[in-house]
Amino acid sequence: MSDRPLRILEMASHGSMQRGGAVQMIRLARGLAERAHAVTALFNTANEAAIQTDQTARAARAGVRLAALKLDDPQAAEGLRALWRQGGF
């Protein structure tokens, strides 16, 4: 197994940071970023303010890139494609 840093995209199926899956995802993202991986955490919401919590602030300080994109909107496909290209995951 290689020790080189990975470029990781994590995606939550919902936008609420109050749900268990999103909380676990952001904790995982933070832990991976603290181990020198490049992590982007994507939440299913068009409202960036909805993902601003203490948990996401700690993750951002650790180097996690936070992103919000309404994934059930067909027009979001282009945004997801652009994020994928930018991130080099």
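This text follows the structure it describes.
Residues numbered from 1 in each chain as written. Predicted model: local features only at pLDDT ≥ 70, side-chain atom pairs only at ≥ 80, totals over all residues. Heavy atoms only, no water.

Q: Describe the pairing of strand S2 (residues 38-43), with residues and values.
A: Regular strands show a simple pattern: their side chains alternate between the two faces of the sheet. Among the six residues in S2, five count as buried, and that is most of the element. Pairing of strand S1 (residues 7-11) with S2 involves five bridges; the strand directions are parallel. Of the residues in S2, the one forming a bridge with Arg-7 is Ala-38. Taken together, S1, helix H1 (residues 20-34) and S2 constitute a β-α-β crossover, and its handedness is right-handed. Two elements, S2 and strand S3 (residues 65-68), share four bridges in a ladder whose sense is parallel. Following the sheet pairing, Leu-42 is matched in S3 by Ala-67. (Buried < 20%, exposed > 50% of the residue type's maximum accessible area, 1.4 Å probe, protein only. Helix = DSSP H or I, 4+ residues; strand = E, 2+ residues; numbered from the N terminus. Pairing = 2+ DSSP bridges. Right-handed = clockwise from strand over helix to strand, strands pointing away.)

Q: Give me the lowdown on the packing of aromatic side chains, citing residues and values where you can.
A: Under the criterion given, the structure shown has one aromatic pair. Arranged with centres 5.6 Å apart and planes meeting at 50°, the rings of Trp-84 and Phe-89 form a pair that is tilted. Judged by relative accessible area, which is 47%, Trp-84 ranks as partly exposed. For Phe-89, a relative accessible area of 23% corresponds to the partly exposed category. (Phe/Tyr/Trp six-rings, centres within 6.5 Å; stacked < 30°, edge-to-face > 60°.)

Q: Please provide a residue-by-residue account of the pattern of salt bridges, values included.
A: Tallied over the full model, the rule gives three salt bridges. Between Glu-34 and Arg-30 there is a salt bridge, with the nearest N and O atoms lying 3.7 Å from each other. Of this pair, Glu-34 and Arg-30 are both found in helix H1, four residues apart, which corresponds to roughly one turn of the helix. (Salt bridge = Lys/Arg side-chain N within 4 Å of Asp/Glu carboxyl O.)

Q: Report on the environment of Ala-57, specifying residues and quantitative values.
A: You can see Ala-57 is positioned in helix H2 (residues 54-61). Taking the C-alpha atoms as reference, Ala-57 lies 14 Å from Val-39; in sequence the two are 18 residues apart.

Q: Lay out the side chain of Thr-56 with the relevant residues and their values.
A: Structurally, Thr-56 can be placed in helix H2. For Thr-56, a relative accessible area of 0% translates into the label buried. A polar contact is formed between the side chain of Thr-56 and the backbone nitrogen of Thr-53, at a distance of 2.8 Å. Residues contacting Thr-56, with those up to four places away along its chain left out, are Met-17, Ile-26, Phe-43, Ile-51 and Leu-66. (Polar contact = N/O pair within 3.5 Å; in protein donor to acceptor, adjacent residues only side chain to side chain. Contact = heavy atoms within 4.5 Å.)

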